[in-house]
Amino acid sequence: MISEILLRARQYESENEYLADKHRPEFHATGTIGWINDPNGFSVYKGEYHLFYQYHPYSTQWGPMHWGHMKTKDFIKWERLPVAIAPDCDYDKDGCYSGSAIELPDGRQLLMYTGVVKETHEDGSVEEFQHQCIAIGDGINYEKIDNNPVLDIKDIPDGGDIHDFRDPKIWKDGEDYYAVIGNRACDGSGSIPMYTSKDGILWSYVKTIDTCNNRYGSMWECPDFFELDNKQILVVSPMDMEAEGLEFHGGHGVVVIGGLYDKQNHDFKREWVQACDYGIDFYAPQTLLALDGRRIMIGWMRNWETTNLRPDNCPIFGSMTIPRELTVIENRLYINPVKEIEKYRNNLVHYENVEVKEPIQLNGISGRIFDMTVSVTSETQDDYSFFRMVLGKDEKHGASIIYRPKENTVTFDRTLASKRFDTLNCRSFYVNNHDGKIKLRIIMDKDSIELFVNDGEAVATFLIYNDISADGIEFEADKKVYIDVAHYTFDF
Ligand code: FRU
């Protein structure tokens, strides 16, 4: 049955979709209209890749959460589908928060999400309760099941916080379903309880697979847990992260915890911890196992720290990153854009061994929608102190990406490509020094810049807010360096 609330949302989006079109990124997934945040239910269904998202169609601000819906065959071209679920039951009346999806053996699709209920007390204070719910459907329409909620306060392990219990990520191993969920332990910081089920409907607690102990932020949102290249990866999105040097940045971050997993005893042992993305505009990613065995991640290309930063008069807020392929190499997660983007690339402009010192621009190297790789070398490793590239450049504006080989850092700075008011604009991170060489691949789609360093060693995602007509690209160094540039535009 399609409720009035869902019907209204579907009608609203089909009547207003056109408003968003001229503001849409060219090839990044966006909501139909209004606000989006986290990717949800990123999964395979009937041979296609489905993506749901936290969605408030009626305005460009966060509001009672629905799940928007789209699908793709190749991670680049998205087909819009009608809103999947709406906050229309007593157990989710204040929002259908983040969750995940899986195909059932009988061919139906199961969505597992967090239902939210807010209770207002006599003194006016509001208490929020979160519990896990199920909706099952055919890839377009979903029925919420009678047993909802399937996990609630009584299923939270001892000491776990009863208000923060959200964002289930489901998977199947053999005959059994599992889900990890974000919760807070009694010290107020994150913990990840795991649950199991035989049918995806009746769930029981197994074990808490990891806890924050106040080291990486406070509440851990949006967990994901998967095997990759003989390692086990836990991804969490901590709130209130405290920076540790340049490795993690403050605020809302995304942390990758790599290790080994003993499936029999459900013991997860950490081996390393790294930041997932060193940029500003990245949060709450989710992964799927693609049909060809690749582990693909997609993230919200925004962050709660900077939601006030937005283009003027734009009827949509939020988009997703380009889907990214993950691999583990020597206890580090490497992250690269999906290879499918390459089949849309065209118009290669290629330069080799161009000498750079004073600021220069190169013929044919410009734009706001491109895939460009710049490889920098110098005669000897300590020849130069910085190499700078400016993107989205006009006379007054531009976003800089600066490599400092002596410090082994990359910095990006959007101060001159942001809004007039002071805001979070710069970040730096460490990269490995390959004899003073560096490879910078940039995927730009109008306002977004995704920077992949040294074939996925580090990634930084950030948006810029200057006029789209500022499309210059400039290179500069303090001493002589040589660059190779491969610049493609796209045919979609
Ligand atoms: C993360 C998050 C989730 C929650 C959702 C609500 O960005 O806060 O924990 O489910 O957003 O929209």
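Up top is the structure these notes are about.
Residues numbered from 1 in each chain as written. Predicted model: local features only at pLDDT ≥ 70, side-chain atom pairs only at ≥ 80, totals over all residues. Heavy atoms only, no water.

**Considerations on the overall build of the protein**
A count of helices and strands for the protein gives one helix and 32 strands. For 492 residues, the compact-globule formula gives about 23 Å, and the C-alpha radius of gyration of the protein, at 23 Å, lands near that figure. Sorting the 492 residues of the protein into buried and exposed places 60% on the buried side. Within the protein, residue pairs in contact and separated by at least 24 positions form 58% of the contacts whose partners lie at least 6 positions apart. With an accessible surface of roughly 19,600 Å², the protein has 46% of that area assigned to carbon and sulfur atoms. (Helix = DSSP H or I, 4+ residues; strand = E, 2+ residues; numbered from the N terminus. Rg over C-alpha atoms; globule rule 2.2 N^0.38 Å. Buried < 20%, exposed > 50% of the residue type's maximum accessible area, 1.4 Å probe, protein only. Contact = heavy atoms within 4.5 Å. Areas by Shrake-Rupley, 256 points an atom, 1.4 Å probe, with all protein chains shown as cover.)

**Focus on the site of the ligand**
The immediate surroundings of the ligand are formed by N37, D38, Q54, W62, M65, Y97, S98, R166, D167, E221, Y283 and W304. Within the side chain of W62, a nitrogen or oxygen atom sits 3.0 Å from an oxygen atom of the ligand. Computed on the free molecule, the ligand has an accessible area of 310 Å², of which 94% lies beneath the protein chains in the complex. Taken together, the elements giving at least two residues each to the shell around the ligand come down to β1 (34-45), β5 (96-103) and β9 (165-173). A breakdown of the residues in the shell around the ligand according to their chemical character gives five nonpolar, three polar and four charged. (Near = heavy atom within 4 Å. Polar contact = N/O pair within 3.5 Å; in protein donor to acceptor, adjacent residues only side chain to side chain. Nonpolar A, V, L, I, M, F, W, Y, C, P; charged D, E, K, R; others polar.)

**Thoughts on helix α1 (residues 4-20)**
With 17 residues, α1 should reach 24 Å at 1.5 Å per residue; the first-to-last C-alpha distance of 24 Å fits that figure. Along α1, the largest kink reaches about 40° and is centred on S14. By the burial criterion, the buried members of α1 are L6, A9, R10, E13, N16 and A20. Buried positions along α1 lie against β2 (48-56), β3 (66-72), β4 (78-85) and β19 (316-317). (Expected span 1.5 Å × (residues − 1). Bend = angle between axes of the 7 residues up to and from the residue.)

**Things to note about the side chain of E13**
Relative to the elements of secondary structure, E13 occurs in helix α1. Buried within the structure, E13 lacks any salt-bridge partner; R10 is the closest side chain of opposite charge, at an N-O distance of 6.1 Å. Once you skip the residues sitting within four places of it in the chain, E13 turns out to touch T32, I33, Y55, L81, P82 and V83. (Lys, Arg positive; Asp, Glu negative; His and termini not counted. Salt bridge = Lys/Arg side-chain N within 4 Å of Asp/Glu carboxyl O.)

**What to know about the sheet that holds β3**
If you walk across this open sheet you meet the five strands as β4-β3-β2-β1-β19, and the pairing is mixed. Both edges of this open sheet fall to β4 and β19, since each of them pairs with a single strand only. Sheet topology note: the β3/β4 ladder contains five bridges and is antiparallel. The residue bridging W67 from the neighbouring strand is I85, located in β4. Packing against the sheet, α1 makes contact with β2, β3, β4 and β19, and its axis sits at approximately 150° to β4. (Pairing = 2+ DSSP bridges. Axes fitted to C-alpha atoms, helices over the stretch in contact; angles between N-to-C directions.)

The quantities given are spatial measurements derived from coordinates; they are silent on function.
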